[in-house]
Amino acid sequence: MGHIQDRWYRPARDKETGKVLLNKRGKPVLERTELYGIGLRYKVRYLDPDNEERSKSFPDKQRSARKTSSSGWSRTSVRTST
């Protein structure tokens, strides 16, 4: 299984409870990380057929999503061997 990590933003957390803050639509409020504006924004991580973790970074999400779908990996898919 693979996933896409946004290295420039993370969900903001309540300082007292530690819970993720949500906006009016129920989506997480995002805050900048220490890496904001530095380097490539998205990192794709996945397990190859030999169960080794692999990763690649991309400047924008469209490229990272294209890469994961073309290699058979996406956030919600699990590759099974036959």
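Structure: above.
Note that the structure is predicted; figures quoted are calculated from it, not measured.

Draft legend 1. Layout of the overall build of the protein chain. A count of helices and strands for the protein chain gives 1 helix and 5 strands. For the protein chain, the N- to C-terminal ordering of α and β elements is β-β-β-β-β-α. Counting every position in the protein chain, which comprises 82 residues, the buried fraction comes to 15%. Considering only intrachain contacts with a sequence separation of at least 6, the fraction spanning at least 24 residues in the protein chain is 45%.

Draft legend 2. Here's a closer look at the pattern of salt bridges. Per the counting criterion, the structure on display carries 4 salt bridges. Where arginine 41 meets aspartate 6, a salt bridge forms, and the shortest distance between an N and an O atom there is 2.8 Å. You can see arginine 41 sitting in the loop between β3 (30-32) and β4 (42-47) and its partner aspartate 6 sitting in strand β1 (residues 3-6), a full 35 residues away along the chain. Classification of aspartate 6 by relative accessible area gives partly exposed; the value is 22%. Note that glutamate 34 is salt-bridged to arginine 10, the shortest N-O span being 3.3 Å. Of this pair, glutamate 34 sits in the loop between β3 and β4 while arginine 10 is found in strand β2 (residues 9-11), placing the two residues 24 residues apart along the sequence. Under the relative-accessibility criterion, arginine 10 is labelled partly exposed at 30%.

Draft legend 3. Geometry of the sheet that holds strand β5 (residues 53-58). Taken in spatial order, the 3 strands make up an open sheet running β1-β4-β5, and their pairing is antiparallel. Looking at the sheet topology across the chains shown, the edges are occupied by β1 and β5. With direction set aside, neighbouring strand axes in the sheet form an average angle of 25 degrees. Across 6 bridges, β4 lies against β5 in antiparallel orientation. The residue bridging lysine 43 from the neighbouring strand is serine 57, located in β5.

Draft legend 4. Structural view of the pairing of β4. The pairing of β1 with β4 spans 4 bridges and is classified as antiparallel. Across the sheet, isoleucine 4 pairs through a bridge with valine 44, a residue of β4. Taking the residues that link successive antiparallel strands as the turn, the β4-β5 hairpin has 5 residues, and the phi of asparagine 51 there is positive, at about 65 degrees.

Cut-offs used in this document
Throughout this document, residue positions are counted from 1 along each chain, in the order its sequence is written. Restriction of local features to residues with pLDDT of at least 70 applies here, the model being predicted, together with a cutoff of 80 or more for giving and counting side-chain atom pairs; totals for whole chains, interfaces and linings are based on all residues. Only heavy atoms go into the side-chain values, all of them from the structure, while hydrogens and water stay out. Labels follow the DSSP assignment, with helices taken as runs of H or I lasting at least four residues and strands as runs of E lasting at least two, numbered in each case from the N terminus. When a residue's accessible area, from a 1.4 Å probe over protein chains only, is under 20% of the maximum for its type it is buried; when over 50% it is exposed; and in between it is partly exposed. Throughout, a contact is declared for two residues whenever any of their heavy atoms are within 4.5 Å. What makes a salt bridge here is a side-chain nitrogen of Lys or Arg within 4 Å of a carboxyl oxygen of Asp or Glu, nothing more. Pairing between strands is defined by DSSP: at least two bridges between the two strands are required. Fitting a line to C-alpha atoms yields each axis, with helices limited to the stretch in contact; the angle taken between N-to-C directions then spans 0 to 180 degrees.

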